[in-house]
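# Close look at the chain arrangement
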Amino acid sequence: MILLVHTLSAQTIKTVNVSTQGSLKNLLSITEQKTVSSLTLTGNIDARDFAFLRDKMTALSVIDLSMASIKAYTGVDGTNTGVYLAYLANEIPIYAFFDPYLFTYKGTLTSIKLPTITTRIADMAFYYCYNLSSTITIPASLTKIGEYAFYGCSSISTFSVATTNPRYSSTNGVLFNKNQDSLFVFPPSKGGTYTIPTTVKHIGNSAFENCYKVTSITIPSSVKSIGAYAFSGCSG
C-alpha cells in the first residue's frame, strides 16, 4: 500500500509500506523507479527488495529504513545476483548497494537510516557508495560489520555509535571496538592530523585506506599489529 508521494523541487519523496517481503517491485511504477529520490519503507523487506533498490531505482538518494524489518530470504533473487544464498534476518545483505558482477555501485546514495533492529552489515554492503555522506549511525543492536562494508565511501565524515552497543564504540567520529583496543575504520573524508589513542593495540585491515585528506598519523607504542592495506592510498 502506497502511503505518501509528493515532490519538492527536483526531489520526489515517497513512503511505501511493504506488507509482504520481496514485493517492493510491485508497489512502484516504472516512472517512480526512475524518479523517486527519497524513499521511506515500512513493513517487511528482504534481500530481493535491496536488489530492487540497488538495480532499479536509478535516482534514489535518501533511504529511510528505520521503521522497516529485514526478514530472512533464501534463493537466487537476492543481492548476490543469480547465486542461491541464505540471507539472514536483520542483516543489511552482502552487496546491498554494489553489484560485483557488473561492478556497478550506488553513486546516487547520500543518506541511509538503518532499521532500528539491525544486527549485521554484511561484506561490501555499501562498497563504493562514494556520496554516502555525513554521519553513519550504528544502532545498539549491530554487532557485526563485514569486510569492506564501507570501502570507497569517501564522503563519510563521522561514525556515531549508540552507547549501549556491546561491540562497537566511536570517539571523534572514528569507529573502534567497545574497549577501543582495535581501530576499525577512520572516516574517509576526515582530514588533518590524527593521533591514535594509546588504548589501541590493533589497527584493522584497510582502517585508513584512501583517507587521502589525512596529513599525518601518530601511532603509539601500544600498537602491536597493523592490518593489510591499513594505510593504502593515504596520499596526503
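Thresholds, definitions, all that
- Residues numbered from 1 in each chain as written.
- Predicted model: local features only at pLDDT ≥ 70, side-chain atom pairs only at ≥ 80, totals over all residues.
- Heavy atoms only, no water.
- Salt bridge = Lys/Arg side-chain N within 4 Å of Asp/Glu carboxyl O.
- Buried < 20%, exposed > 50% of the residue type's maximum accessible area, 1.4 Å probe, protein only.
- Core = buried A, V, L, I, M, F, W, Y, C linked by side-chain atoms within 4.5 Å.
- Contact = heavy atoms within 4.5 Å.
- Pairing = 2+ DSSP bridges.
- Helix = DSSP H or I, 4+ residues; strand = E, 2+ residues; numbered from the N terminus.

## Details of the pattern of salt bridges
Following the criterion strictly, the structure yields 5 salt bridges and no others. Between Arg 48 and Asp 46 there is a salt bridge, with the nearest N and O atoms lying 2.6 Å from each other. Accessibility expressed as a relative area gives 0% for Asp 46, which makes it buried. Where salt bridges share partners, they join Arg 54, Asp 55 and Asp 99 into one cluster.

## Overview of the nonpolar core
In this structure, Leu 41, Ile 92, Phe 97, Ile 121, Phe 126, Leu 132 and Phe 150 are the most contacted members of the largest nonpolar core, which totals 41 residues. Dropping the residues within four chain positions of it, Leu 132 is found in contact with Leu 109, Thr 110, Ser 111, Ile 112, Phe 126, Cys 153, Ser 155 and Ile 156. By size, the runner-up hydrophobic cluster in this structure holds 14 residues, among which are Phe 186, Val 200, Cys 211 and Ala 230.

## Some thoughts on the sheet that holds strand E13 (residues 144-145)
Overall, parallel pairing links the 3 strands, which are arranged E7-E11-E13 in an open sheet. In the strand order of this sheet, the two ends are held by strand E7 (91-92) and E13, each with one partner. Note that strand E11 (residues 120-121) and E13 share 2 bridges and pair parallel. Residue pairing across strands places Arg 120 opposite Lys 144, the latter belonging to E13.

## A short note on the side chain of Thr 40
Relative to the elements of secondary structure, Thr 40 occurs in strand E3 (residues 36-45). With residues near it in sequence (within four places) discarded, Thr 40 still touches Lys 14, Thr 15, Val 16, Asp 64 and Met 67.

## Brief notes about the pairing of strand E15 (residues 168-171)
As defined by bridge partners, E15 adjoins strand E16 (residues 174-177) across 4 bridges and the pair is classed as antiparallel. Note that in E16 the partner of Ser 170 across the bridge is Leu 175. The hairpin formed by E15 and E16 contains 2 residues between the paired strands, and Asn 172 there has a positive phi angle of roughly 55°.

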